[in-house]
Amino acid sequence: MIKDKLNDENYGIRDKRGHWKPFGTISINPPREIFYNPIKLFKYFFKFPGIFFPWTFVFGAITVATYLFLTPSLETMKTFEVGWISYIFFRNAAIILVWTGFFHLKLKTQGTSFKYNPRPLEKHKKFLFNDQTKDNLFYTFCSAIPFWTAYEVVTFWAFANQLIPYVSWEIYPIYCCFMFFLVPFIRDAHFYLTHRLLHWGPLYKIAHKVHHRNTNTGAWSGMSMHPIEHILYFSGILIHWVIPSHPLVAMYHVFHAGLAPTPGHTGYEKMTFKNGVAIPTGDYMHYIHHKYFECNYSGGNTSFLDKLMGTFHDGSEEATKEVMARIKDKAHYL
Ligand SMILES: [Zn+2]
Ligand SMILES: [Zn+2]
């Protein structure tokens, strides 16, 4: 019998309080066997869902289309001018409005099907305007988009003036493709390091706590961060100030950072469509991080880092007991 792709009971269990979790435990990535089995290695990268499909591919496609059709020429960006800078700001804001807005509105119609936490997004005084969604929108458009744009603008300007090492795609296509391919992996490493730093007591209290007010996350929670966190979060693009790159590769870095938090924070394992199609939109590992704070600092592709550091929560009851014991003394999380 073919299992119904739209029924979450076929993919996980719901406890008495209505919290849903996927069957099994979270895997440690990358799995060891891919290093001595080329077929498994290939499948690990190219299966659906997997490392590249669907999201990494989608982030790359959006970046390429935006670079080709919605980005001023380097000649224009040689001098700072209000015109092209505000164009990039509103372009980025429009992309996020459509991108995250789609996830938010579509999943709202899905009720609690595939939703980790059955409760709706919060109306609570810990959020600006006493409303989680409005608060998240405020941090996204008043902090995330300005910092994202600032990094992008200064980087383009530096490329245009040859202040940072520029590599021509026409002359070095293989190198540029390789760098483009490498971006998500550099981001994983950067995310882990900055995220660990953000959980350092003082920095947590000043900055990262803003993101962690979202314990029951929604699509707009992804970029809801304190400005200090945005400065750190988007800083990965600075690597292209040192490593010779094409501007498109640098742009992909900051676009990947801007687009990825949306599917990572929806709070839904899958987005379903009436025609029977279901696409992965969840990150249960990161959902657990928002629930218990002191675990799962890495992204799903580098969960071995948490395993290595003794902070891995695989989704099981035992792991919850362990993490509860760890956070007992850390009053600042609560
Ligand atoms: Zn998060
Ligand atoms: Zn965190």
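Preceding block: the structure.
Residues numbered from 1 in each chain as written. Chains lettered and ligands numbered in written order. Predicted model: local features only at pLDDT ≥ 70, side-chain atom pairs only at ≥ 80, totals over all residues.

Student: Any chance you could explain the packing of helix 4 (residues 132–160) against helix 8 (residues 247–259) here in plain terms?
Tutor: Two quantities define a packed helix pair, namely the angle between the axes and the distance from one axis to the other. In the contact formed by helix 4 and helix 8, the axes pass within 10 Å of each other and the chain directions differ by 175 degrees. In terms of axis orientation, helix 4 runs roughly antiparallel to helix 8. Every residue of helix 8 that contacts helix 4 at Trp148, Tyr151, Glu152, Thr155, Phe156 and Phe159 is listed here: Pro247, Ala250, Met251, Val254 and Gly258. Of the residues in the contact of helix 4 with helix 8, the class split is eight nonpolar, two polar and one charged. (Axes fitted to C-alpha atoms, helices over the stretch in contact; angles between N-to-C directions. Helix = DSSP H or I, 4+ residues; strand = E, 2+ residues; numbered from the N terminus. Parallel < 35°, antiparallel > 145°, perpendicular 65-115°, else oblique. Contact = placed C-beta atoms within 7 Å. Nonpolar A, V, L, I, M, F, W, Y, C, P; charged D, E, K, R; others polar.)

Student: In this structure, what is going on with the nonpolar core? I would like to understand it.
Tutor: Counting residues in hydrophobic clusters, the biggest one holds 28 residues, and the most contacted among them are Ala144, Trp148, Phe234 and Val254. Within the residue set of this core, elements represented by two or more residues are helix 2 (55–69), helix 4, helix 5 (173–198), helix 7 (227–233) and helix 8. No other element matches helix 8, which puts nine residues into this core. Core analysis: the second largest hydrophobic core is formed by 17 residues, Tyr116, Tyr287, Cys295 and Phe312 among them. (Core = buried A, V, L, I, M, F, W, Y, C linked by C-beta atoms within 7 Å. Buried ≥ 20, exposed ≤ 12 C-beta atoms within 10 Å, placed from the backbone.)

Student: Just to check I follow, could you spell out unusual backbone geometry for this structure?
Tutor: Across the chain, the bulk of peptide bonds are trans and the bulk of non-glycine residues have phi less than zero. A cis geometry characterises the amide bond from Asn29 onward to Pro30, with omega recorded as -10 degrees. In this fold, Pro30 is placed in the loop between strand 2 (20–22) and helix 1 (38–46). Between Phe53 and the following residue, Pro54, the backbone shows a cis peptide bond with an omega angle of 0 degrees. Mapped onto the elements, Pro54 comes out in the loop between helix 1 and helix 2. A positive phi angle, close to 60 degrees, is found at Phe129, a residue other than glycine. With respect to the secondary-structure elements, Phe129 resides in the loop between helix 3 (82–108) and helix 4. Owing to 12 C-beta atoms within 10 Å, Phe129 belongs among the exposed residues under this scheme. The phi dihedral of Asn296 falls on the positive side, at around 50 degrees, and the residue is not glycine. In this structure Asn296 comes out as buried when scored by C-beta crowding, with 29 C-beta atoms within 10 Å.

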